[in-house]
Amino acid sequence: MASEEASLRALESLMTEFFHSCTTNDRKREIEELLNSFAGQPGSWRHCLYFLSNSRNEYVMMYSLTVFENLVNKMWVGVASEDKAELRSCLPKLLLSQHALLPFFIRNKLCKVIVDIGRQDWPMFYHDFFSNTLQLVQSPSLAPLGLVLLKMTSEELVCPREDLSVARKEELKKLLLEQIPTVLNLLTGILETVWDKHSVTVTTPPPSPTSRETGLLVGDSTPVGLESESGTLCLLALECLAHLFSWIPLSSSITPALLASIFHFARFGCQLPVKTKPLPTSNGDSSPGSLLANGSGGQGRTGQMVGHADRARLGVMAMSCINELMCKNCVPLDFEEFLLRMFQQTFYLLQRLTNSHSHTNTHSVKNRLQELDESYVEKFTDFLRLFVSVHLRRIESNNQFPLVEFLALLFKYTFNQPAHEGYLACLEIWSIFLDYLTTKIRSRLADRDSVLNRYKDALVLLLREVLNRIQFRLNQSQLEELDDETLDDDQQTEWQRYLRQSLEVVARVMELLPSQTFSILFPVLQEDLDIYLGLQQFIVTTRTNRRLNITAEADCRKLHCALRDLSSLLQAVGRLAEFFTGDVFTARFNDALAIVQRLAEVTCYGSQISLYDVEMAVPSVLKPDLIDVHAQSLAALQAYSHWLAQFCSEVQQQRDQTQFVDLITSSMAATTPLINGKVPEKLLLSACHLLVSMATTVRPVFLVSLPAVQNVFNLITENHNHRLPQEAHVLVCRALSNMLLLPWPSLPEAEQQWPSRSTSHARLISSLTHQYRLLPRPPDHHPTSKVVLQQTLCVLKDIVDSISGEATKSRQICYQSLQESVQVTLALFPLYIQQPDVTDEMLSFFLTLFQALRVQMGVAFTEQIIQTFLSMFTREQLAVSILQEGSAGSKVVEKFLKILQVVVQEPGQTFKPMLPSILSLCMEQVYPIVAERSCPDVKAEMFELLFQILHQNWRFFFKTSVLSSVQRSGAEEHMENQAQFIAAMQAFGQSFLQPDIHIFKQNLSYLEILNSKHKLYHRKLFRSSMLFHFINVLLQVLLHKSHDLLQDDITLALYNMAAVDFQAFYSSFLPEFLNGCQGLDPHQRTTLARNFTPERDLPSFSQGVYRLVNDLRFYRLCNGSLPPGTLKL
């Protein structure tokens, strides 16, 4: 005994030293080795039992429990049966005697060790494990401890880690499911008892009228107070239920009484705070006194009431339980009644949340929601989202559910949300509902009107309110809070996200109620437009400047709000453009024409009076507003380019084209003055994008002849001194090129005027590339040369890219114009090979050329380009480029590999002679450099190239005749280039041994495609010398758990490989694989082989693979934990 006491003191001293701030890392390592050595000794757990019983040092207790945990989870198989029995007896006794005194994390760890033992030994060797837990739950003083154990049992036995065989996992789940009715009855009893004890019926005279609070709950009652211990108990019971509901199926065990009890506690979240003294926390991971006090420990606090925060926590946990049930999409038919009951209870809660006639005072609904616990409101919103997305279709047709009234309450709940995030979450629910309604109407066109009429009023209300919520004149203070500068992961600001989500709801309503939406939106837009169009009268012009004569603070604020709103409403009008095209073009023509004419008028007005150039009172606020309105009016007009294109084809057959010509002419009159380097960039880019849409989407015949457009041609081709910013310059060049290259719609080939357009295009390109073609050779390394080179290639690449999907004629003219520039680029390439940023730009250009114009370029020239590249990319040059990971040089190699991918994908025999040299570059030059290194980007492109060579040129390797494929005879496969094929397959196999999960996923999918298209796994060479190697590698990957995210993909590939010859897989490969597995005894190998039943369907095979991998790992764990010299039977 004395020696154990001395060991305890020594351990306490060591632990204190280890955690002391002055202890060095070297000393900590020494102590750690000492502690690990002690823990590894046989029988060390006996000392730990003594330490745990006799020490109050938290470090010592935690260390002792870690030793127990390691013993149970990793060495249990090798522990003597009498020692196991002693542990099963001692640890629960220790817990019962000490739990009230232990810190909560020590008590939880001790509970975890006991549950771990139960996971290993219940019910065979630890038959009273679960019954003991249930007894604790039923004991008045020990119920909290029982609930902690019960929750842990649910967590650890249902989702155990790999320290169990599949058979044991299935057995545990089955055993627990048998106990569920008893467990749920006990938990229901706890919740009902507490509720009945602490509530009074509404017949008690309340402090203020409650007539409006009549709900759907029978026996409606309101708790006037809740004692601390009762609150703690209920919180733990609800935590248990939340976890149980996450895995048990919906069944009759979830009784109406249990459901009612949970909803009772969900009401706590709806209660407004009452000024009371806060209470100690009741969370399962809180201080031990408040949570798990036994009878004696809790006596001193009897009668202390739960505070608002703790009541709210009960409400949050109750909603978590409800949401776990709501998540279940698999609902048995006889559960319709159950769902209805749930939704009626929810309806009641929603009434309470949105009821502005509170007992305490006349709170507004918004104030009420603001004072409630934030987590509760979040959980409730989650519930509503689950209800609408998962269960609305089940409940909508039930006459007992008041769906329209529910939508009214949801409306109230949505538009009284205190925070923007909460409001947007509710808008998402409305979007889900609108999608559901749209889908329903499309599937029931016959009674479309009756369905719509049921919801029409609700949708109109929703539309009005959403439009109100985006207007600054109605909500300036709230909307100013939204950040409009910082970009999120989706490259939008908080304000832009808010506006976009709001406009998506508007668009969905428009789809259902087009005329109502238009009639609501247009007057609001008109109101703000009148203010904007009236600004001209306030401009005062002097000899030196122009000034906006609006200076009063109130007027400036009103103007600011009107401009912000006009900007938002213009975006709304643009978002609705899609609802005027297609089949409804004629029916809604007049409305669309009115919109487009108005937009053209607004854009012309903005460009004529150029308000961005006017001096004003508060330029930091109003100038960005005016620029934004002007830019948004151009963007809105651009959104109607598809409508204009349809209008264009409609009027092509008519004599009177005045309306259409006027629209295009005024649009260009509004656009072209803004294409100027002095215009603010936001406005300039909007104008450029509109010009591109007119040239690319609308394509009017007369566009290029308009004086306004001719001015732009002159600006770009003649005025090199006043160059536009690069992005704008590229867009304008694209628009001008497209005007000349793209065929005019609805006109025969003879009327396309190709000769004159071709001449004009050649002149345009010649002008754009003038300086580029005169670049000195060799380079003079002057900074401007590099700028000219990069800017010109950027423009040319964009021009080619924009016509890549167009007709042959357009591409022919484009290539004719570019021919000289392409030759120049090829000549310059070797001169700039040491400047990766320049070669990157050149290869980007060539990549686009190959993708769009390879037919026009011809075989000879294409071959010349590829040979030039191949000669430049020597092994040394590649090594230098690739090894600088993420550098410009590495990107150059990626682009080069992409070009080769395009070449090898070309059908026919055109580029087949180049395959050997491309394969050689891939396997002999690039692969050796990247094989053992990370280089993920280059490696991904190299494997894609390898895949495309195999996929698109299969006959380069397998010369299967048509006759033999039809006969499917067992004739010998004639194979060529076998060495290259084997090298490619080895490269794929090698990639599965490396940690990069993205390359692994990509290459696995490539093999699967090659198998589905070309029967790769069935090829004789693959079957005889590679198949089992690949299966072996993939199984080893599953065993090592290195790529667990791809478990399903790997299993599917294994199935397809095994399916080549199931007989050989089960009779030959599997025994061979198991014999090669280290750490197994013969009996375990036999068991593993026997348990993998020789099924041939995918689900059964997948289950077999899972069982094999899980049980093999389990056996290795068991064998590794046995003491040396143990006799295995």
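Residues numbered from 1 in each chain as written. Predicted model: local features only at pLDDT ≥ 70, side-chain atom pairs only at ≥ 80, totals over all residues. Heavy atoms only, no water.

Notes on the overall build of the protein
Scanning the protein from N- to C-terminus turns up 50 helices and four strands. With the C-alpha coordinates aligned to their principal axes, the bounding extent of the protein is approximately 105 × 85 × 70 Å. A buried classification covers 54% of the 1129 residues belonging to the protein. About 50,200 Å² of surface is accessible on the protein, with carbon and sulfur atoms providing 53% of the total. Distance between charge centroids for the protein: 2 Å, based on 99 positive and 115 negative side chains. (Helix = DSSP H or I, 4+ residues; strand = E, 2+ residues; numbered from the N terminus. Buried < 20%, exposed > 50% of the residue type's maximum accessible area, 1.4 Å probe, protein only. Areas by Shrake-Rupley, 256 points an atom, 1.4 Å probe, with all protein chains shown as cover. Lys, Arg positive; Asp, Glu negative; His and termini not counted. Charge placed at Lys NZ, Arg CZ, Asp CG, Glu CD.)

Examining helix H35 (residues 808-828)
Spacing of three or four residues puts side chains on the same side of an α-helix, whose turn is 3.6 residues. Relative to the 30 Å expected for 21 residues at 1.5 Å per residue, H35 spans 29 Å between its end C-alpha atoms, a close match to the ideal helical length. For H35, the principal kink sits at Leu818 and spans about 50°. (Expected span 1.5 Å × (residues − 1). Bend = angle between axes of the 7 residues up to and from the residue.)

Re the environment of Arg1019
Its place among the elements puts Arg1019 in the loop between helix H44 (997-1014) and helix H45 (1020-1025). Spatially, the C-alpha atoms of Arg1019 and Val1060 are 9.6 Å apart, while their sequence positions differ by 41 residues.

Focus: the nonpolar core
In this structure, Phe406, Tyr532, Trp643 and Phe981 are the most contacted members of the largest nonpolar core, which totals 395 residues. The element contributing the most residues to this core is helix H9 (residues 166-198), with twelve residues. With residues up to four places along the chain from it excluded, the contact list for Phe406 reads Phe347, Leu350, Leu384, Phe387, Val388 and Phe401. (Core = buried A, V, L, I, M, F, W, Y, C linked by side-chain atoms within 4.5 Å. Contact = heavy atoms within 4.5 Å.)

Points about the environment of Cys270
Within the element layout of this structure, Cys270 appears in the loop between helix H11 (256-266) and helix H12 (288-291). Here Cys270 falls in the buried class, since its relative accessible area comes to 0%. Separated by 528 residues in the primary sequence, Cys270 and Asp798 place their C-alpha atoms 59 Å from one another.

Quick notes on the packing of helix H49 (residues 1082-1091) against helix H50 (residues 1098-1121)
Between H49 and H50, the least distance of the axes is 10 Å, while the angle of their chain directions is 165°. As judged from the angle between their axes, H49 and H50 are roughly antiparallel. Read as a crossing pair, H49 and H50 show a hand that is right-handed. Contacts from Gln1084, Thr1087, Leu1088 and Asn1091 of H49 reach H50 at Arg1107, Leu1108, Asp1111, Leu1112, Tyr1115 and Asn1119. (Axes fitted to C-alpha atoms, helices over the stretch in contact; angles between N-to-C directions. Parallel < 35°, antiparallel > 145°, perpendicular 65-115°, else oblique. Left-handed = near helix turned anticlockwise from the far one by under 90°.)

Considerations on the environment of Gln1084
If you trace the backbone, Gln1084 turns up in helix H49. Separated by 28 residues in the primary sequence, Gln1084 and Leu1112 have C-alpha atoms spaced 8.4 Å apart. Discounting residues that sit within four places of it in the chain, Gln1084 has contacts with Gly1079, Tyr1115 and Asn1119.

A short note on the pattern of salt bridges
Throughout the structure, instances matching the rule amount to 45 salt bridges. As a salt-bridge pair, Arg598 and Glu601 come within 2.8 Å of each other at their nearest N and O atoms. With Arg598 and Glu601 both in helix H25 (residues 589-609) and three residues apart, the pair spans about one turn of that helix. Given the relative accessible area of 39%, Glu601 is considered partly exposed. When salt bridges that share partners are traced, they join Glu69, Lys109, Lys112, Asp116, Arg119 and Glu156 into one network. (Salt bridge = Lys/Arg side-chain N within 4 Å of Asp/Glu carboxyl O.)

What about the packing of aromatic side chains?
Taken as a whole and judged by the stated rule, the model has 64 aromatic pairs. A ring pair is formed by Phe1065 and Phe1069, whose centres lie 5.5 Å apart and whose planes are at 20°; its orientation type is stacked. Note that Phe1065 and Phe1069 are positioned in helix H48 (residues 1062-1076) at a spacing of four residues, about one turn of the helix. As far as the burial class goes, Phe1065 and Phe1069 line up, both buried. Directly above the aromatic system of Trp495 lies the positively charged group of Arg564, at a separation of 5.2 Å from the ring centroid. Above the face of the Trp744 ring, Arg757 is positioned so that its terminal group lies 3.9 Å from the ring centre. (Phe/Tyr/Trp six-rings, centres within 6.5 Å; stacked < 30°, edge-to-face > 60°. Lys NZ or Arg CZ within 6 Å of the ring centre and 35° of its normal.)

Notes on the packing of helix H17 (residues 374-395) against helix H18 (residues 403-414)
Packed helix pairs are specified by the crossing angle of their axes together with the interaxial distance, meaning the distance between the axes. Between H17 and H18, whose axes approach to 13 Å, the crossing angle comes to 145°. Relative to H18, H17 is oriented so that their crossing is left-handed. Counting all contacts with H17, which are made through Val377, Phe380, Thr381, Leu384, Phe387, Val388 and Leu392, the residues of H18 involved are Leu403, Phe406, Leu410 and Tyr413.

A look at the side chain of Asp1081
Here Asp1081 lies in the loop between H48 and H49. Given a relative accessible area of 12%, Asp1081 falls into the buried group. A polar contact of 3.1 Å, which involves the side chain of Asp1081, links it to the backbone nitrogen of His1083. A polar contact of 2.7 Å, which involves the side chain of Asp1081, links it to the backbone nitrogen of Gln1084. (Polar contact = N/O pair within 3.5 Å; in protein donor to acceptor, adjacent residues only side chain to side chain.)

Observations regarding the confidence of the model for the protein
Per-residue confidence for the protein gives a mean pLDDT of 86, with 91% of residues at or over 70. Long-range and interchain partners of residues 275-302, a stretch whose pLDDT sits below 50, account for 69 contacts in this model, where long-range means more than four residues apart. Counting contacts from residues 358-362, a segment whose pLDDT is below 50, to residues more than four positions away or on other chains yields ten contacts. (pLDDT = per-residue confidence, 0-100.)

Notes on the state of the cysteines
This structure, assessed with the given rule, holds zero disulfides. Not engaged in a disulfide, the cysteine Cys240 finds its nearest cysteine sulfur in Cys321; these two sulfurs lie 9.4 Å apart. (Disulfide = S-S within 2.5 Å.)

Topic: the side chain of His420
With respect to the helices, strands and loops of the structure, His420 is situated in helix H19 (residues 420-443). Looking at His420, its side chain comes within polar contact range of the main-chain oxygen of Gln478, at 3.2 Å. When sequence neighbours within four positions are dropped, the list of residues in contact with His420 reads Gln478, Glu481, Leu482 and Tyr498.

Concerning unusual backbone geometry
Of note, the bond from Trp122 into Pro123 is cis; its omega dihedral lies within 30 degrees of zero at 0°. Residue position: Pro123 is located in the loop between helix H6 (104-121) and helix H7 (129-138). At Gln753, a residue that is not glycine, the phi angle is positive and equals roughly 55°. Relative to the helices and strands, Gln753 is located in the loop between helix H31 (726-741) and helix H32 (754-768). In this structure, Lys1041 takes a positive phi of about 55° despite not being glycine. Here Lys1041 is to be found in the loop between helix H46 (1027-1040) and helix H47 (1047-1058).

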